[in-house]
Amino acid sequence: MSYVEDLFSLSGKRVIITGGAGVIAGTMAEALIKAGAKVCLWGRGTHHPVEEAVKRVAEKTGKPNAVSGVTVDTGIEEDVQKAIEKTIQVMGEPNGLINAAGGNKGKSSFVDVDIALFNEVMHMNLLAGLVIPTKYVAAYWIKNNIKGTIINLTSMGSYVPLSGVWAYDAAKSATLNLTMATAKEFAPYGIRVNAIAPGFFIGHQNKALLIKDETTGELTDRGKAVIAHTPFARFGKHEELAGATIFLMSDAASGFVTGVSLPVDGGYLVQNI
Ligand SMILES: NC(=O)c1ccc[n+]([C@@H]2O[C@H](COP(=O)([O-])OP(=O)(O)OC[C@H]3O[C@@H](n4cnc5c(N)ncnc54)[C@H](O)[C@@H]3O)[C@@H](O)[C@H]2O)c1
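Residues numbered from 1 in each chain as written. Predicted model: local features only at pLDDT ≥ 70, side-chain atom pairs only at ≥ 80, totals over all residues.

What follows deals with the nonpolar core. Ile 17, Met 28, Ala 29, Leu 32, Val 39 and Leu 41 are the most contacted members of the largest nonpolar core, which totals 66 residues. The element that contributes the greatest number of residues to this core is helix 5 (residues 115-143), accounting for 9 residues. (Core = buried A, V, L, I, M, F, W, Y, C linked by C-beta atoms within 7 Å. Buried ≥ 20, exposed ≤ 12 C-beta atoms within 10 Å, placed from the backbone. Helix = DSSP H or I, 4+ residues; strand = E, 2+ residues; numbered from the N terminus.)

See below:
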């Protein structure tokens, strides 16, 4: 193997990706498989069935044996426990977890905040998006002495509030906090926890918020504001998340890195006046 392959090969990695039918999850799955890993996509099977996502990743990578899927709502504890058992059957023991379930929903002034929706978005991004899968996968690793690696999905809203999306901001700042807190908690077991903070990439969940007309590519006012605030003056291309994903999943490349959130944001967080 070349020096670069030694550093970045993910051969022997078996990675669960939650929100596996999502856009960012699909990109990360492709990157991991191309670097030698096996991937099990966990999806809710509602709007975007996980079988379709598995087929797509298999076709794009040309490696159908490297990708499998399990239908599970990661917000339900018992279902996640069962999904770990199924994953072991279809992929083998997992030693990586990417918490990519989540998304933004609704926008309002604070005084008009809809409490039911607030709870739903918090639950989706914090409990389904991090706490429940991490709890059960890490428990399995600790019990079986597996030195696993976790990557969470933080956001620009983890650092600086995004206007009008109160629950998303609250949940995503909590995912940044819990990335650090669980990194400390699991370090004695050799488990690393990091995060990737994407700037703005078009996903299923934010398309309507950012793009007014898909045929012409005309942006909403929110979409225009994002571009104006991003020094690179564009949305991210999904493949630009591949390098950060492989780096943080590879023990050879990032074995002493834990508790960090890596922005991939075209400079969004360093914008000034
Ligand atoms: N797209 C961006 O610009 C961006 C920026 C920062 C952070 N993120 C985060 O990255 C992650 C992926 O976003 P995306 O843009 O690919 O969105 P997406 O909507 O394409 O994918 C998210 C997936 O999560 C799934 N999901 C939600 N709740 C679930 C649950 N309880 N159980 C199982 N699956 C569930 C959805 O069904 C969907 O398939 C999210 O956490 C999002 O907040 C995205």
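Structure shown, so let's carry the discussion forward.
Turning to the sheet that holds strand 1 (residues 14-18), a few remarks are in order. Here 7 strands make up an open sheet; going across it, the order is 3-2-1-4-5-6-9 and the pairing parallel. Every other strand in the sheet has two partners, leaving strand 3 (67-71) and strand 9 (261-264) as the edge strands with one partner each. Within the sheet, the average angular offset between the axes of one strand and its neighbour, ignoring direction, is 20 degrees. Note that strand 1 and strand 2 (residues 38-43) share 5 bridges and pair parallel. Bridged to Arg 14 within strand 2 is Lys 38. (Pairing = 2+ DSSP bridges. Axes fitted to C-alpha atoms, helices over the stretch in contact; angles between N-to-C directions.)

Another aspect to go through is helix 6 (residues 166-186). In this model helix 6 runs 30 Å from its N-terminal to its C-terminal C-alpha over 21 residues, within 8% of the 30 Å that 1.5 Å per residue would give. Turning to helix 6, its buried residues are Trp 166, Ala 167, Tyr 168, Asp 169, Ala 171, Lys 172, Thr 175, Leu 178, Thr 179, Thr 182, Ala 183 and Phe 186. Buried residues in helix 6 make contact with helix 5, strand 5 (149-153), strand 6 (192-198) and strand 9. (Expected span 1.5 Å × (residues − 1). Contact = placed C-beta atoms within 7 Å.)

For the rest of this paragraph, the subject is unusual backbone geometry. At Asn 145, a position not held by glycine, the phi torsion is positive, near 55 degrees. Position of Asn 145 among the secondary structure elements: in the loop between helix 5 and strand 5. When the 8 C-beta atoms within 10 Å are taken as the criterion, Asn 145 is described as exposed.

Quick look at the site of the ligand now. The environment of the ligand is made up of 29 residues, and the closest members are Gly 19, Gly 22, Ile 24, Gly 102 and Gly 203. Looking at the shell around the ligand, the elements that each hand over two or more residues are helix 2 (23-34) and helix 5. Of the residues that constitute the shell around the ligand, the class distribution is 12 nonpolar, 15 polar and 2 charged. (Near = placed C-beta within 6 Å. Nonpolar A, V, L, I, M, F, W, Y, C, P; charged D, E, K, R; others polar.)

For the pair helix 2 and helix 3 (residues 50-61), the least separation of the axes is 10 Å and the interaxial angle reads 40 degrees. With respect to helix 3, the axis of helix 2 lies oblique. Here helix 2 runs over helix 3; the crossing is right-handed. Residues Gly 26, Ala 29, Glu 30, Ile 33 and Lys 34 of helix 2 lie in contact with helix 3, whose contacting residues are Ala 53, Arg 56, Val 57, Lys 60 and Thr 61. Split by residue class, the contact of helix 2 with helix 3 holds 4 nonpolar, 2 polar and 4 charged. (Parallel < 35°, antiparallel > 145°, perpendicular 65-115°, else oblique. Left-handed = near helix turned anticlockwise from the far one by under 90°.)

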